[in-house]
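Per-entry structural report
Below are the chains, spelled out letter by letter.
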Amino acid sequence: MSDINVVAVAACTRQGEADRFVVQAERFHPRPDDAVKRLEVLAGFLAVYFPAAKKSAGRTS
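Attention in this report is confined to the structure presented alongside it.

Each value, and the rule that gives it
- Position numbers for residues count from 1 along each chain, tracking the sequence in the order it is written.
- Only residues with pLDDT of at least 70 are given local features in this predicted model, and only at 80 or more are side-chain atom pairs given and counted; all residues enter the totals for whole chains, interfaces and linings.
- For side-chain calculations, the full set of non-hydrogen atoms in the structure is used, while hydrogens and water are omitted.
- The nonpolar core is taken to be a set of buried Ala, Val, Leu, Ile, Met, Phe, Trp, Tyr and Cys residues, with the residues joined through side-chain atoms within 4.5 Å.
- Relative accessible area decides the class of each residue, using a 1.4 Å probe on protein chains only: under 20% of the type maximum gives buried, over 50% gives exposed, and in between gives partly exposed.
- Numbered from the N terminus, helices here are DSSP runs of H or I no shorter than four residues, and strands are runs of E no shorter than two.
- By definition, residues are in contact when any of their heavy atoms lie within 4.5 Å.
- Two strands qualify as a pair provided DSSP detects at least 2 bridges between them.
- Put simply, a salt bridge is a Lys or Arg side-chain nitrogen that is within 4 Å of an Asp or Glu carboxyl oxygen.
- For a helix, the expected span equals 1.5 Å multiplied by the number of residues minus one.
- The term bend refers to the angle at a residue between two fitted axes, each drawn through seven residues, those ending there and those starting there.

**Let's talk about the nonpolar core**
Judged by nonpolar contacts, V6, A8, A10, C12, F21, V23, A25, L42, L46, F50 and A53 together constitute the single largest core of 11 residues. Looking at this core, the elements that each hand over two or more residues are β1 (5-14), β2 (17-26) and α1 (35-56). Look past the residues within four positions of A8 in its chain and what remains in contact with it is F21, V22, V23, L46 and F50.

**Points about the pairing of β1**
With 10 bridges joining them, β1 and β2 adopt antiparallel strand pairing. Note on β2: the bridge partner recorded for A11 is R20. Connecting β1 to the antiparallel partner β2 that follows it, the hairpin turn spans 2 residues, and Q15 within it adopts a positive phi of roughly 50°.

**Re unusual backbone geometry**
Even without being a glycine, Q15 presents a positive backbone phi close to 50°. Inspection of the secondary structure puts Q15 in the loop between β1 and β2.

**Some points on the pattern of salt bridges**
Tallied over the entire structure, the rule returns 2 salt bridges. Here D19 ties to R59 by a salt bridge, and the two come within 3.1 Å at their closest N and O atoms. Note that D19 is positioned in strand β2 and R59 in the segment after α1, a separation of 40 residues in sequence. Here R38 makes a salt bridge to D34, at a shortest N to O gap of 2.0 Å.

**Describing α1**
Between the first and last C-alpha of α1 there are 30 Å, a value that for 22 residues agrees with the 32 Å anticipated at 1.5 Å per step. Largest kink in α1: about 30°, centred on Y49, with the proline P51 one to four residues after it. Here α1 has its buried residues at R38, L42, L46, F50, A53 and K54. Among the structural elements, β1 and β2 are those in contact with the buried residues of α1. Note on α1: the residue one or two positions beyond its end, G58, has a positive phi of about 80°.

Put into structure tokens, the structure is as follows:
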């Protein structure tokens, strides 16, 4: 995770087979003075989005 990019990977099961679920999000054209805020926002986004996206894709742990 950085202030402009975040990648998350989780082991999961897809149709009974072992797999991995991967999400990547990037923020382009950052202002040079808001790195800490971007990091906080990306972390918050990922905490909400990743489990919902994994569930929506039918992935189970």
